[in-house]
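# Fold and geometry: a report
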Amino acid sequence: MTPIPKLFAWFLAAAVTFATLGPPALRPHSHFGQDGEHALAFILIGLAFGLAYARNRLLTSAISVVMIGVLEILQLWAPGRHARFEDFAVDALAACVGLTVSAGLDWAIQRSRRVSANAS
């Protein structure tokens, strides 16, 4: 596999880290509201890491939840930021949804390859 999925996953993680800990004025805003923005960002991260690290999805899930907690705690020291359990819960759940979707996509792709190979 090419390193592009891994680079993309880490780029997303860096962008979300900056949005989480950086100056509030530089954080992107949308019409989804705070929980919607968090959910979208972390679903994408879960999906990206799930596809990039398909062989270690369970470990990736555990590390993701821990790192999301660390990001939330680090906000205690970031000016203009606040740590909230609700944000942690939304972010961790969304990342796990993304990881689950990536597992489903991987399963569907593998199944389609087996069906194609058997049809040949």
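As the structure is a computational prediction, the values presented were derived from the model and not from experiment.

Conventions and cut-offs
- Residues numbered from 1 in each chain as written.
- Predicted model: local features only at pLDDT ≥ 70, side-chain atom pairs only at ≥ 80, totals over all residues.
- Heavy atoms only, no water.
- Core = buried A, V, L, I, M, F, W, Y, C linked by side-chain atoms within 4.5 Å.
- Buried < 20%, exposed > 50% of the residue type's maximum accessible area, 1.4 Å probe, protein only.
- Helix = DSSP H or I, 4+ residues; strand = E, 2+ residues; numbered from the N terminus.
- Contact = heavy atoms within 4.5 Å.
- Axes fitted to C-alpha atoms, helices over the stretch in contact; angles between N-to-C directions.
- Parallel < 35°, antiparallel > 145°, perpendicular 65-115°, else oblique.
- Left-handed = near helix turned anticlockwise from the far one by under 90°.
- Nonpolar A, V, L, I, M, F, W, Y, C, P; charged D, E, K, R; others polar.
- 1 Å grid on protein atoms, 1.4 Å probe; cavity = no way out; pocket = protein on both sides within 12 Å on 5 of 7 lines; lining within 4 Å.
- Points joined across faces, edges and corners; volume = space filled by probe spheres on them.
- Expected span 1.5 Å × (residues − 1).
- Polar contact = N/O pair within 3.5 Å; in protein donor to acceptor, adjacent residues only side chain to side chain.
- Salt bridge = Lys/Arg side-chain N within 4 Å of Asp/Glu carboxyl O.

### Re the nonpolar core
- Core analysis: the biggest nonpolar cluster contains 12 residues, these being Ala9, Leu12, Ala13, Val16, Phe42, Ile45, Ala48, Phe49, Ala52, Ile68, Ala94 and Ala95.
- At the level of elements, helix 1 (4-21), helix 2 (33-52) and helix 4 (85-119) are the ones that each hand at least two residues to this core.
- Beyond its immediate sequence surroundings of up to four residues, isoleucine 68 is in contact with Phe42, Phe88, Asp91, Ala92 and Ala95.

### Here's the deal with the packing of helix 3 (residues 57-74) against helix 4
- Running from N to C, helix 3 and helix 4 point in directions that differ by 160°, and their axes come no closer than 9 Å. With respect to helix 4, the element helix 3 is oriented roughly antiparallel. Both helix 3 and helix 4 take part in a crossing whose hand is right-handed. Residues Arg57, Thr60, Ser61, Ser64, Val65, Ile68, Gly69 and Glu72 of helix 3 form the contact with helix 4, whose own contacting residues are Asp87, Phe88, Asp91, Ala92, Ala95, Cys96, Leu99, Ser102, Ala103 and Asp106.
- The residue inventory of the contact of helix 3 with helix 4, partitioned by class, reads eight nonpolar, five polar and five charged.

### Details of the layout of surface pockets
- Quantified by volume, the largest pocket comes out at close to 590 Å³.
- Along the wall of the largest pocket there are 27 residues; nearest its centre are Ala19, Arg27, Pro28, Glu37 and His38.
- Looking at the lining of the largest pocket element by element, the count peaks at eight residues for helix 2.
- Looking at the lining of the largest pocket, its residues break down into 13 nonpolar, eight polar and six charged.
- Lining the second largest pocket we find 18 residues, and of these Trp10, Phe49, Ile63, Ser64 and Met67 sit closest to its centre.
- At the level of secondary structure, the elements contributing two or more residues to the lining of the second largest pocket comprise helix 1, helix 2 and helix 3.
- Considering each element in turn, the lining of the second largest pocket owes the most residues, nine residues, to helix 3.

### Side note on helix 4
- Look at helix 4: 51 Å from first C-alpha to last across 35 residues, which is about the 51 Å you get at 1.5 Å a residue.
- Listing the buried residues of helix 4 in full gives Asp87, Asp91, Ala92, Ala94, Ala95, Gly98, Leu99 and Ser102.
- Buried residues along helix 4 sit against helix 2 and helix 3.

### Comments concerning the side chain of glutamate 37
- Along the chain, glutamate 37 turns up in helix 2.
- One polar contact links the side chain of glutamate 37 to the main-chain amide nitrogen of serine 30, over a distance of 2.5 Å.

### Thoughts on the pattern of salt bridges
- Tallying each qualifying case throughout the model produces three salt bridges.
- Arginine 57 is paired through a salt bridge with aspartate 106; the nearest N and O atoms lie 3.6 Å apart. Note that arginine 57 is positioned in helix 3 and aspartate 106 in helix 4, a separation of 49 residues in sequence.
- For aspartate 87, the salt bridge is made with arginine 84, and the minimal N-O distance between the two is 3.2 Å.
- Judged by relative accessible area, which is 27%, arginine 84 ranks as partly exposed.
- A single network of salt bridges, built from pairs that share partners, joins Arg84, Glu86 and Asp87.

Just geometry here; none of it tells us what the structure is for.
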